[in-house]
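Remarks on the overall topology
Residues per chain are reported as follows:
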Amino acid sequence: MADPDSAYILAAVARRLDLSTRRLFLRQALGLGTLGLLSGCKVVDGLGAEQALSGMNDFNDRVQAWLFDPMRRAREYPESAITRPFPFNSFYSPNTPDLAPEIDLAGWVLNVTGRVERKADWTLPRLYDLPRFTQITRHICIEGWSAIGKWTGVRLSYFLQRVGADMRARYVTFRCDDEYVTSIDMATALHPQTQLCLWMDDQILSRRHGFPVKLRVPTKLGFKNAKHVGEIEVGNDYTGGYWETYGYNWHSGL
Ligand SMILES: Nc1nc2c(c(=O)[nH]1)N[C@H]1C(S)=C(S)[C@@H](COP(=O)(O)O)O[C@H]1N2
Ligand SMILES: [Mo]
């Protein structure tokens, strides 16, 4: 299997299939197109299922090793690889992007809660003023698609420093304006590619893709990339997340 992206995608799926003893997860994942991914390989053009399956053990092992290296970087791509238009997805209805929450910016602040020293009012202009970086990385959704996007924003590790977060805390939780929630471990929060994303493809983040703030975490599966983030909480209590309660693996690292 030549294409390293195929390895990422298939390994993510394969690992889920062998680790998961959760029937609910399997039913969900297969129903949502993971089976299609394995048999038809629709995510990766020109890749046969047989070829995919024969290479899987090797990829599985590599993925297991990566799991224990929280600083491994996700692959970055050239501008020419960007997927346009970038797919839209959400838990409520992927067919109706217009249901994405409408944020009233008057009075909007990004709430920072839990184990942080400085709970200042993070208005959008203040966030736009912070140092930013850009990444062109692949987003992989377990529902059987992937796409490469260009995301610009603030390094989450920098933001956590600015607010005086307790870096020894275990979890960072993201609560969203559409009532979606997810959480990540502190090692992932401090990963250099983990980003509070404010711009996508050089434009202010669109409503469907997570305006005003989204978490971009290219070392994790798509569902960890919380859109419309309204609150970031630092804490030691496990908070889980929306898809996590349906049996998706909490780490979901790639
Ligand atoms: N607030 C919120 N964030 C979310 C979701 C959601 O439903 N609500 N869906 C997740 C899933 S499963 C995916 S694949 C990506 C889709 O992001 P996109 O619409 O920018 O492609 O957002 C993730 N973050
Ligand atoms: Mo997803």
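The shown structure was predicted, so the numbers you read here are calculated from the model rather than taken from an experiment.

Conventions and cut-offs
Residues numbered from 1 in each chain as written. Chains lettered and ligands numbered in written order. Predicted model: local features only at pLDDT ≥ 70, side-chain atom pairs only at ≥ 80, totals over all residues. Heavy atoms only, no water. Helix = DSSP H or I, 4+ residues; strand = E, 2+ residues; numbered from the N terminus. Buried < 20%, exposed > 50% of the residue type's maximum accessible area, 1.4 Å probe, protein only. Contact = heavy atoms within 4.5 Å. Areas by Shrake-Rupley, 256 points an atom, 1.4 Å probe, with all protein chains shown as cover. Pairing = 2+ DSSP bridges. 1 Å grid on protein atoms, 1.4 Å probe; cavity = no way out; pocket = protein on both sides within 12 Å on 5 of 7 lines; lining within 4 Å. Points joined across faces, edges and corners; volume = space filled by probe spheres on them. Nonpolar A, V, L, I, M, F, W, Y, C, P; charged D, E, K, R; others polar. pLDDT = per-residue confidence, 0-100. Core = buried A, V, L, I, M, F, W, Y, C linked by side-chain atoms within 4.5 Å. Axes fitted to C-alpha atoms, helices over the stretch in contact; angles between N-to-C directions. Phe/Tyr/Trp six-rings, centres within 6.5 Å; stacked < 30°, edge-to-face > 60°.

**Section: the overall build of the protein**
Scanning the protein for helices and strands turns up eight helices and nine strands. Split into buried and exposed, the 254 residues of the protein put 56% on the buried side. Considering only contacts in the protein between residues 6 or more positions apart, those separated by 24 or more positions represent 70%. Only carbon and sulfur atoms are counted for the fraction: they give 51% of the accessible area of the protein, which is about 11600 Å².

**Thoughts on the pairing of strand β2 (residues 133-141)**
With eight of nine residues buried, β2 is to be regarded as a mostly interior element. Pairing of β2 with strand β3 (residues 145-155) involves nine bridges; the strand directions are antiparallel. From the neighbouring strand, Thr137 faces β3, where its bridge partner is Gly149. In textbook terms, the turn of a hairpin is the stretch between consecutive antiparallel strands, and for β2 and β3 this stretch comprises three residues, one of which, Gly144, has a positive phi near 105°.

**Digging into empty space enclosed by the protein**
With the rule as written, the count across this model stands at two cavities of 30 Å³ or more. Put simply, the largest cavity is a space of about 340 Å³. Considering the residues around the largest cavity, the lining is formed by 25 residues, among which Asn89, Ser90, Gly222, Phe223 and Lys227 are closest to the centre. Sorting the residues of the lining of the largest cavity by element identifies β2 and β3 as the ones contributing at least two each. Looking at side-chain class alone, the lining of the largest cavity contains 14 nonpolar, seven polar and four charged residues.

**Let's talk about unusual backbone geometry**
In this structure, Pro85 follows Arg84 across a cis peptide bond, with omega equal to -5°. As for its position among the elements, Pro85 is in the loop between α5 (56-67) and β1 (111-114). The step from Phe211 to Pro212 runs through a cis peptide bond, and the omega angle for that step is 0°. Residue placement: Pro212 occurs in the loop between β7 (203-204) and β8 (214-216). Its identity is not glycine, yet Asp202 carries a phi of approximately 65°, on the positive side. In the Ramachandran plot, His228 falls in the positive-phi region, its phi being about 50° despite a non-glycine side chain. Inspection of the secondary structure puts His228 in the loop between β8 and β9 (229-235).

**What about the confidence of the model for the protein?**
On average, residues of the protein carry a pLDDT of 80, and 72% of them reach 70 or more. Note on residues 17-54: pLDDT is under 50 here. Beyond four places in sequence and across chains, it has 55 contacts. A low-confidence stretch, residues 56-61 stays under pLDDT 50, and its non-local contacts, those more than four residues away or across chains, total 10 contacts.

**Details of the nonpolar core**
Among the nonpolar cores identified, the biggest contains 42 residues, and Leu110, Leu127, Leu156, Phe159, Phe174 and Leu196 are the most heavily contacted of them. Where this core is concerned, the elements lending two or more residues are α6 (124-128), α7 (156-162), β4 (171-176), α8 (186-189), β6 (195-200) and β9. The residues contacting Phe159, other than those within four sequence positions of it, are Leu110, Val112, Trp122, Leu127, Leu130, Val154, Leu196 and Ile232. Formed by eight residues, the second largest nonpolar core is a distinct cluster that contains Phe86, Ala147, Trp151 and Cys197.

**Overview of the sheet that holds β1**
Strand order across the open sheet formed by four strands is β1-β9-β4-β5, with mixed pairing between neighbours. Only two strands of the sheet have a single neighbouring strand rather than two, namely β1 and β5 (181-185). Here the average twist between neighbouring strands, direction ignored, is 20°. Pairing between β4 and β9: six bridges, direction antiparallel. Paired with Val172 across the strands is Val234, a residue of β9.

**Some details on the packing of aromatic side chains**
If you walk through the whole model with that rule in mind, you get 16 aromatic pairs. Consider the rings of Phe86 and Trp151, whose centres lie 5.4 Å apart with planes at 80°: the pair is edge-to-face. Pair noted here: Phe86 is in the loop between α5 and β1 and Trp151 is in strand β3, with a separation of 65 residues, a long-range link. For the pair formed by Phe86 and Trp151, the shared burial category is buried. Ring geometry for Tyr128 and Trp199: centres 5.2 Å apart, planes at 35°, overall tilted.

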